Amino acid sequence: MNIYPPVLSGWRAIRRGGLFLFFCALLVFLYGCATTPGAPERMDNICEIFRENTKWYRDAYSSYKRWDVPIPIMMAIIHQESRFTADAKPPRQKCLWIFPGTRPSSAYGYAQAGKEAWAQYQESTGNSGADRDNFRDAIDFVGWYCHMSHLKCGISKHDAYSLYLAYHEGHGGFARKTYRKKGWLIAVAQKVNSRANTYKSQLASCEKEFKKRPCCCLFWPF
């Protein structure tokens with residue numbers, strides 16, 4: 001026998017159903033936060049990259065505000081280093097021309113940061129929990145490293161060409177101009193500079209849409 005009035009019973013059912021939907025939505029949200037995004041499908045267009053991964057724009061903007069290194073330059077460096085692949089590693093060297101050998105360096109993640117440089121970043125910024133396969137941490141590392149290139153080598157933060165050379169050769173190597181004997185590296189740095197300019201013009205046409213405040217579409221069911 002139902003001792004509750006029909007209206008009250010209906011309201012309880014709605015509350016139970018609403019609570020179930022809320023927890024389902026919460027699980028989807030938490031799963032999305034825990035999942036590492038794949039590489040963008042259209043990585044030649046920075047607008048499409050940020051449309052596909054909207055959080056990446058917020059991460060990039062946060063790094064820009066912290067280190068004053070333009071977003072297009074940081075994104076162009078990451079494009080060159082890993083093609084936006086979270087777990088990217090240098091290819092293994094060949095042993096006896098057949099068998100896979102060791103990797104040439106400890107570079108890993110979006111920014112292809114080595115263990116030593118990453119440890120310096122963690123100590124310098126106090127971000128001890130930073131992970132190389134986390135985009136937010138990786139782009140903050142790129143901004144930090146370019147900031148240090150500006151301080152140590154006097155490179156303009158708008159000079160993508162020189163910033164990439166320092167990123168690849170290290171601050172000591174850049175100061176010694178080791179890149180001058182590496183024609184292939186100079187060509188790569190020119191490519192990074194060209195991509196940064198392309199990204200800059202693209203971002204100018206779409207950045208407003210990423211600066212809009214996101215609306216909250218998840219409501220408590222009560």
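Everything in this summary refers to the structure shown in the same document. (Residues numbered from 1 in each chain as written. Predicted model: local features only at pLDDT ≥ 70, side-chain atom pairs only at ≥ 80, totals over all residues. Heavy atoms only, no water.)

**Some thoughts on the overall build of the protein chain**
Scanning the protein chain for helices and strands turns up 8 helices and 2 strands. Listed N to C, the secondary structure of the protein chain is α-α-α-α-β-β-α-α-α-α in terms of helices and strands. Considering the protein chain as a whole, with its 222 residues, one finds that 39% of them fall into the buried category. (Helix = DSSP H or I, 4+ residues; strand = E, 2+ residues; numbered from the N terminus. Buried < 20%, exposed > 50% of the residue type's maximum accessible area, 1.4 Å probe, protein only.)

**Some thoughts on the environment of tyrosine 121**
In this fold, tyrosine 121 is placed in helix H5 (residues 115–125). Residue tyrosine 121 is classed as buried on the basis of its relative accessible area, which comes to 0%. Sequence-wise, tyrosine 121 and tryptophan 144 are 23 residues apart; in three dimensions their C-alpha atoms are separated by 7.4 Å.

**A word on the packing of aromatic side chains**
Summed over the entire model, instances satisfying the criterion amount to 19 aromatic pairs. Relative to tyrosine 145, the ring of phenylalanine 141 lies with its centre 6.0 Å away and its plane at 40°, an arrangement referred to as tilted. Residue phenylalanine 141 and its partner tyrosine 145 are located together in helix H6 (residues 135–153), separated by 4 residues, close to a single helical turn. For tyrosine 145, a relative accessible area of 11% translates into the label buried. Put simply, the rings of Trp118, Tyr121, Phe141, Trp144, Tyr145 and Tyr167 pair up and form one aromatic cluster. (Phe/Tyr/Trp six-rings, centres within 6.5 Å; stacked < 30°, edge-to-face > 60°.)

**Considering unusual backbone geometry**
The backbone of arginine 83 sits at a positive phi, close to 55°, despite the residue not being glycine. Inspection of the secondary structure assignment puts arginine 83 in the loop between helix H4 (71–82) and strand E1 (94–95). On the accessibility criterion, arginine 83 (35% relative accessible area) is partly exposed. Of note, glutamine 112 is a non-glycine position whose phi angle comes to about 50°, a positive value. Mapped onto the fold, glutamine 112 is located in the loop between strand E2 (99–100) and H5.

**With respect to the state of the cysteines**
Applying the stated criterion across every chain yields a total of 1 disulfide. Shown here is the disulfide that connects cysteine 47 with cysteine 206, its sulfur atoms set 2.1 Å apart. Taking the sign of the torsion about the S-S bond as the criterion, the disulfide between cysteine 47 and cysteine 206, at about -95°, is left-handed. A residue pair is termed long-range when its members are at least 10 positions apart, and cysteine 47 in helix H2 (residues 46–52) and cysteine 206 in helix H8 (residues 183–211) qualify at 159 residues. Each member of the pair cysteine 47 and cysteine 206 is classed as buried. (Disulfide = S-S within 2.5 Å.)

**Here's the deal with H8**
Since the α-helix packs 3.6 residues into each turn, any two residues three or four apart lie on the same face. In a regular helix each residue adds 1.5 Å, so 29 residues correspond to 42 Å; H8 covers 40 Å between its end C-alpha atoms and thus fits that length. At serine 205, H8 is deflected by roughly 55°, the largest bend along its length. Listed in full, the buried residues belonging to H8 are Leu185, Val188, Ala189, Val192, Ala196, Tyr199, Gln202, Leu203, Cys206 and Phe210. Against H2, helix H3 (54–67), H4 and helix H7 (160–175) lie the buried residues of H8. (Expected span 1.5 Å × (residues − 1). Bend = angle between axes of the 7 residues up to and from the residue. Contact = heavy atoms within 4.5 Å.)

**Here we look at the nonpolar core**
Counting residues in hydrophobic clusters, the biggest one holds 53 residues, and the most contacted among them are Phe50, Ile71, Met75, Phe84, Phe141 and Val142. Within the residue set of this core, elements represented by two or more residues are H2, H3, H4, H5, H6, H7 and H8. Contacts of phenylalanine 84, omitting those with residues within four sequence positions, involve Ala39, Pro40, Met43, Ile49, Trp56, Met75, Ile78, His79, Tyr110, Phe135 and Tyr199. (Core = buried A, V, L, I, M, F, W, Y, C linked by side-chain atoms within 4.5 Å.)

**Let's talk about the environment of isoleucine 71**
Examined against the element boundaries, isoleucine 71 turns out to sit in helix H4. With near-sequence residues (within four places) excluded, isoleucine 71 lies in contact with Ile46, Phe50, Tyr57, Ala60, Tyr61, Tyr64, Leu203 and Glu207.

**Points about the layout of surface pockets**
Any space left empty among the atoms is revealed by the rolling of a water-sized probe across them. Within this model, the second largest pocket holds a volume of roughly 360 Å³. Considering the residues around the second largest pocket, the lining is formed by 21 residues, among which Gly114, Ala117, Phe141, Tyr145 and Tyr167 are closest to the centre. Elements represented by at least two residues in the lining of the second largest pocket include exactly H5, H6 and H7. (1 Å grid on protein atoms, 1.4 Å probe; cavity = no way out; pocket = protein on both sides within 12 Å on 5 of 7 lines; lining within 4 Å. Points joined across faces, edges and corners; volume = space filled by probe spheres on them.)

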